[in-house]
Amino acid sequence: MKHVIALDVGGTGMKAALVAADGTLLHEARRATGRERGPDAVVETIQEFAAELLDTGRERFGRPASAAGVAVPGIVDAENGIAVYAANLGWRDVPMRALLSSRLGGIPVALGHDVRTGGLAEGRIGAGRGADRFLFVPLGTGIAGAIGIAGRIEAGAHGYAGEIGHIVVRPGGPACGCGQHGCLETLASAAAVSRAWAAASGNPEADAADCAEAVASGDARAREVWLAAVGALADGLVTAITLLDPRTLIIGGGLAEAGETLFTPLRTAVEERVTFQRLPHIVPAALGDTAGCLGAGLLAWDLLATEVPA
């Protein structure tokens, strides 16, 4: 059976799969990233994991994988196959595509940015299926974005398109790691809500999930923290809507797990802020933590589709 290798590299864990042409997951596996061992060890672990998947495919399906797709965090030069920089993994300028292709017997390898790759999957086979224009925004430790246009993800001229988390929504607000103050992700990410709720509740162990539970149970302090984050998020999303005019707005990440505790006030806040703009459908992501791996598989199949036969 013809298949591809899909690999999603995260800061703490890696998810992998063998994927058929119709998107069926033929085999799934997970492994710790082991970033505490240093960037060189992480890169070697990625190669070893991919090689094991190649062997698994050969043993189970009588042939090696036809291609591989890998999604990595940080700054990615997808065109040249370079993992440029990842703060949480410590690497710089890793020729990931060349290394993996060499380890995998010369099969073609596609490299993608983790959020854009997850957005590709959500747009094609997840919550954005059928939408010609969508914006995927995962709310996790930070906030990123993937701009979907006609079945593909727009990376931008320099690979930075979709960085909605660094729209300044509260000038003079909290300092952001990017050097600005008042960026969206300092106010509306899961990490930001965790910090705010820990301070408001007096419990340093409290996190965003605890805040959501407290909101659902009617806690006034939690509601104040939650609505402040929702208001900041709505401001950032309306800026994105004004620029991009998406048909569907897909919200994912840890904060979206709060369900309607998030989506009901968020839809209201966005609707209150739009004037001439057309309101997109605001929906939760559908693929969960498998989005990156599924998207990596799509990258691999796309690569095969664009190859010119010899």
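Structure shown above.
Residues numbered from 1 in each chain as written. Predicted model: local features only at pLDDT ≥ 70, side-chain atom pairs only at ≥ 80, totals over all residues. Heavy atoms only, no water.

### Let's talk about the sheet that holds strand E4 (residues 68-72)
Heads up, the condition is: Strands are treated as partners if at least two bridges between them are detected by DSSP. Put simply, DSSP H or I for four residues or longer makes a helix, DSSP E for two residues or longer makes a strand, and each gets a number counted from the N terminus. To obtain each axis, a line is fitted to C-alpha atoms, and for helices this fit is confined to the stretch in contact; angles are then taken between N-to-C directions over 0 to 180 degrees. Residue contacts are defined here by distance: any two heavy atoms, one from each residue, within 4.5 Å place the two residues in contact.
Here we have 5 strands laid out as an open sheet, ordered E3-E2-E1-E4-E8, and mixed in their pairing. The sheet is open, and its two borders are formed by strand E3 (25-32) and strand E8 (109-113), each paired with just one other strand. Mean inter-strand twist for the sheet, computed between neighbouring axes without regard to direction, equals 15°. Looking at chain direction, strand E1 (residues 3-9) and E4 are connected through 4 bridges and run parallel. Counterpart to Leu 7 in the pairing with E4 is Val 70. Packing of helix H1 (residues 39-61) onto the sheet brings it into contact with E1, strand E2 (13-20) and E3, and relative to E3 it is tilted by some 155°.

### Observations concerning the side chain of Thr 186
Where we set the bar: Buried means the residue's accessible area, taken with a 1.4 Å probe over protein chains only, is under 20% of the maximum for its type, while exposed means over 50%, and partly exposed covers the values in between. Here a polar contact is taken to be a pair of N or O atoms separated by no more than 3.5 Å, where protein atoms must pair a possible hydrogen donor with a possible acceptor and residues adjacent in sequence count only if both atoms sit in side chains.
The residue Thr 186 is located in helix H4 (residues 185-188) in this model. Overall, the relative accessible area of 12% leaves Thr 186 in the buried class. Among the polar contacts made by the side chain of Thr 186, one reaches the main-chain carbonyl oxygen of Cys 183 at a distance of 2.7 Å. For Thr 186, the contacting residues outside a window of four places in its chain are Pro 174, Ala 175, Cys 176, Ala 192 and Arg 195.

### Section: the nonpolar core
Put simply, the rule is: To form a nonpolar core, buried Ala, Val, Leu, Ile, Met, Phe, Trp, Tyr and Cys residues must be joined to one another through side-chain atoms within 4.5 Å.
Core analysis: the largest hydrophobic core is formed by 42 residues, its most contacted members being Val 137, Trp 226, Leu 237, Ile 251, Leu 266 and Val 270. Put simply, the parts of the chain that give this core at least two residues each are strand E9 (133-138), helix H5 (190-201), helix H6 (208-216), helix H7 (220-244), strand E12 (248-252) and helix H8 (260-273). If you tally residues by element for this core, the top one is H7, at 12 residues. Not counting residues within four places of it along the chain, the set of residues in contact with Val 137 comprises Ile 143, Ala 144, Ile 164, Leu 237, Leu 249, Ile 250, Ile 251 and Gly 252. Of all hydrophobic cores here, the second largest spans 29 residues; its members include Ile 5, Met 14, Leu 18 and Val 72.

### Some words on the packing of H1 against helix H2 (residues 96-103)
Our working definition: An angle below 35 degrees is treated as roughly parallel, one above 145 as roughly antiparallel, one from 65 to 115 as roughly perpendicular, and anything else as oblique. The sense of a crossing depends on the near helix, which, turned anticlockwise from the far helix by less than a right angle, makes the crossing left-handed and, turned clockwise, makes it right-handed. Gly counts as polar in this scheme, as do all residues outside two lists: the nonpolar Ala, Val, Leu, Ile, Met, Phe, Trp, Tyr, Cys and Pro, and the charged Asp, Glu, Lys and Arg.
Relative to each other, H1 and H2 sit at 40°, their axes nearing to 9 Å. Taken as axis vectors, H1 and H2 run oblique relative to one another. Handedness of the H1/H2 crossing: right-handed. Along its contact with H1, which presents Val 43, Glu 44, Ile 46, Gln 47, Glu 48, Ala 50 and Ala 51, the element H2 presents Met 96, Leu 99, Leu 100 and Arg 103. A breakdown of the residues in the contact of H1 with H2 according to their chemical character gives 7 nonpolar, 1 polar and 3 charged.

### Comments concerning the environment of Asp 207
Relative to the helices and strands, Asp 207 resides in the loop between H5 and H6. In sequence terms Asp 207 and Arg 37 are 170 residues apart; their C-alpha atoms lie 28 Å from each other. In contact with Asp 207, not counting residues within four places along its chain, are Ser 194 and Trp 197. At 2.9 Å, the side chain of Asp 207 and the backbone nitrogen of Asp 210 are in polar contact.

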